[in-house]
Amino acid sequence: MVSPHRTERPWQGQSEPPEPEPVQSYDPDCYLCPGNARAGSVRNPAYSHTFVFNNDFAALQPETPEVQIDIEEKGILVARAERGICRVVCFSPRHDFTLSRMSPGEIRGLIDVWVEQYQDLGRQPGINYVQLFENRGKMMGCSNLHPHGQIWATSSIPNEAAKEQDSFVEYRKQRGTCLLCDYIAIESDSRDRLVCENEYFLAVVPFWAVWPYEVLLVSKAHLGNMGALDAEARSSLAAILSNITSRYDGLFQVPCPYSMGFHQQPTDETDHPEWHFHAHFFPPLLRSASIRKFMVGFEMLGSPQRDITPEYAAEKLRSSKVGNLTR
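Here the structure is a predicted model, which means the values were calculated and not measured.

**Quick look at the overall build of the chain**
Here's step 1: The secondary structure content of the chain amounts to six helices and 13 strands.
Here's step 2: Taken over C-alpha atoms, the radius of gyration comes to 20 Å for the chain, in line with the 20 Å a tight globule of 327 residues would show.
Here's step 3: Counting only C-alpha atoms, the chain reaches 55 × 55 × 45 Å along its principal axes.
Here's step 4: Considering the chain as a whole, with its 327 residues, one finds that 48% of them fall into the buried category.
Here's step 5: Long-range contacts, defined here as pairs at least 24 residues apart, represent 69% of the contacts in the chain between residues at least 6 apart.
Here's step 6: Counting every atom, the chain has about 16,000 Å² of accessible surface; 53% of that belongs to carbon and sulfur.
Here's step 7: Here the chain carries 31 positive and 41 negative side-chain charges, and the mean point of each set is 5 Å from the other.

Structural data, given as structure tokens:
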């Protein structure tokens, strides 16, 4: 549901206090900075590029016993154990950086690490899906502002990826083509919801967007995962990630909070020709750096509702200046 007339309401939403920005390149109290202590007696190496380690407080464990229950065997209260591996990816040794403030070259190095992690974890026994994601900013529950993301590798395909998987398969069965390839063609012709693009990637505010300034980043080529990108395509991915995150920062003149993640084909040793590599950006901001969108009431009990059209959001992001926050 899209209701742009709601922006005429007298009350414009709860204001949040401004989020403090790190001002120093190294923080002696940050457990993600190079050389600093983490949980227990673990100490980070003096890393100079991207650094990956197993999460000290992992939500998933690789040795979880295989257990499944069905209370009263009615198929209602059903649960099974989930095995997995959780890792943390420090994007940069610089505490004061964000993805938007890293150079495309620095992001290119991060992409190579993401590829290595996706492939390494995907080869592990029992790992059938690898989710790369970043929570940016305290609004999105990020407790440490050091630039970092996470990887959760799971034995089952998570809900959102499973829904996409089913849609890819059903669309291919009905029409014989790829859902996102066909969608790219529509958006390339229309350009009403286009944010930015380059030779290899397209970024749009999707027609079905739920969050005000949600962005869908799609590979123009039909490929299943980041590892299928050649060197030039990886550099183009780095460039458009820099472009998108810079536009977010420019939109409200703050380091913009968001949750971002890549959806790639499962690693379940099955060919997935239907799968199309893409990424989602979900920023919570609505009208300013201090006013956020809440999913409550009708959104929780009925269906999502937008206060601005996707076309308006795309136009605002297109007009946002790139790289106008200082490094």
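**Considering the side chain of R247**
Here's step 1: Relative to the helices and strands, R247 resides in helix α4 (residues 231-252).
Here's step 2: There is no salt bridge for the buried R247, and the closest opposite charge comes from E315, which lies 9.6 Å off by N-O distance.
Here's step 3: Among the polar contacts listed, one links the side chain of R247 to the backbone oxygen of R318, at a separation of 2.9 Å.
Here's step 4: For R247, the residues in contact, after removing those within four places along its chain, are V195, C196, L317, R318, S320, K321 and V322.

**Some words on the side chain of H148**
Here's step 1: If you trace the backbone, H148 turns up in strand β6 (residues 148-154).
Here's step 2: There is a polar contact of 2.7 Å between the side chain of H148 and the backbone oxygen of H146.

**A look at the packing of α4 against helix α6 (residues 310-319)**
Here's step 1: The contact between α4 and α6 brings their axes to 8 Å, and the two run at 95°. In terms of orientation, α4 and α6 fall into the roughly perpendicular class. Contacts between α4 and α6 pair R247, Y248 and L251 from the former with K316, L317 and R318 from the latter.
Here's step 2: Among the residues forming the contact of α4 with α6, the class breakdown is three nonpolar, no polar and three charged.

**Quick word on the sheet that holds strand β9 (residues 215-219)**
Here's step 1: The nine strands are arranged β1-β4-β6-β5-β10-β11-β9-β8-β7 in an open sheet whose pairing can be described as antiparallel. This sheet does not close on itself; its edge strands, each paired only once, are β1 (51-54) and β7 (194-197). In this sheet, adjacent strand axes meet at a mean angle of 20° when their direction is disregarded.
Here's step 2: Both strand β4 (residues 84-90) and β6 contribute to a ladder of seven bridges, which runs antiparallel. Of the residues in β6, the one forming a bridge with V89 is G149.
Here's step 3: Of the strands in this sheet, β1, β4, β5 (129-136), β6 and β10 (258-263) touch helix α1 (residues 104-122), which is tilted by about 170° from β4.

**Some words on a nonpolar patch on the surface**
Here's step 1: Together, V67, I69, I71, I76 and L77 make up an exposed nonpolar region whose accessible area comes to about 480 Å².
Here's step 2: Its location among the elements puts L77 in the loop between β2 (68-70) and β3 (78-80).
Here's step 3: According to the relative accessible area criterion, L77 is partly exposed, its value standing at 48%.

**Some points on the packing of aromatic side chains**
Here's step 1: In total, this model carries 13 aromatic pairs according to the counting rule given.
Here's step 2: Relative to F281, the ring of Y258 lies with its centre 5.6 Å away and its plane at 65°, an arrangement referred to as edge-to-face. Placement of Y258 in strand β10 and of F281 in strand β11 (residues 278-282) is noted, with a sequence separation of 23 residues between them.
Here's step 3: For F281, a relative accessible area of 0% puts it in the buried group.
Here's step 4: Geometrically, the ring pair formed by F262 and F277 is stacked, given 5.9 Å between the ring centres and 10° between the ring planes. Of this pair, F262 sits in strand β10 while F277 sits in the loop between β10 and β11, placing them 15 residues apart in sequence. Pair check on accessibility: F262 and F277 agree, each one buried.
Here's step 5: For the cation-ring pair, R38 lies above F53, with the distance from its terminal atom to the ring centre recorded as 3.7 Å.

Definitions and limits used
- Residues numbered from 1 in each chain as written.
- Predicted model: local features only at pLDDT ≥ 70, side-chain atom pairs only at ≥ 80, totals over all residues.
- Heavy atoms only, no water.
- Helix = DSSP H or I, 4+ residues; strand = E, 2+ residues; numbered from the N terminus.
- Rg over C-alpha atoms; globule rule 2.2 N^0.38 Å.
- Buried < 20%, exposed > 50% of the residue type's maximum accessible area, 1.4 Å probe, protein only.
- Contact = heavy atoms within 4.5 Å.
- Areas by Shrake-Rupley, 256 points an atom, 1.4 Å probe, with all protein chains shown as cover.
- Lys, Arg positive; Asp, Glu negative; His and termini not counted.
- Charge placed at Lys NZ, Arg CZ, Asp CG, Glu CD.
- Salt bridge = Lys/Arg side-chain N within 4 Å of Asp/Glu carboxyl O.
- Polar contact = N/O pair within 3.5 Å; in protein donor to acceptor, adjacent residues only side chain to side chain.
- Axes fitted to C-alpha atoms, helices over the stretch in contact; angles between N-to-C directions.
- Parallel < 35°, antiparallel > 145°, perpendicular 65-115°, else oblique.
- Nonpolar A, V, L, I, M, F, W, Y, C, P; charged D, E, K, R; others polar.
- Pairing = 2+ DSSP bridges.
- Patch = residues over 30% accessible without salt bridge, like charges linked within 9 Å, V, L, I, M, F, W, Y side chains within 5 Å.
- Phe/Tyr/Trp six-rings, centres within 6.5 Å; stacked < 30°, edge-to-face > 60°.
- Lys NZ or Arg CZ within 6 Å of the ring centre and 35° of its normal.

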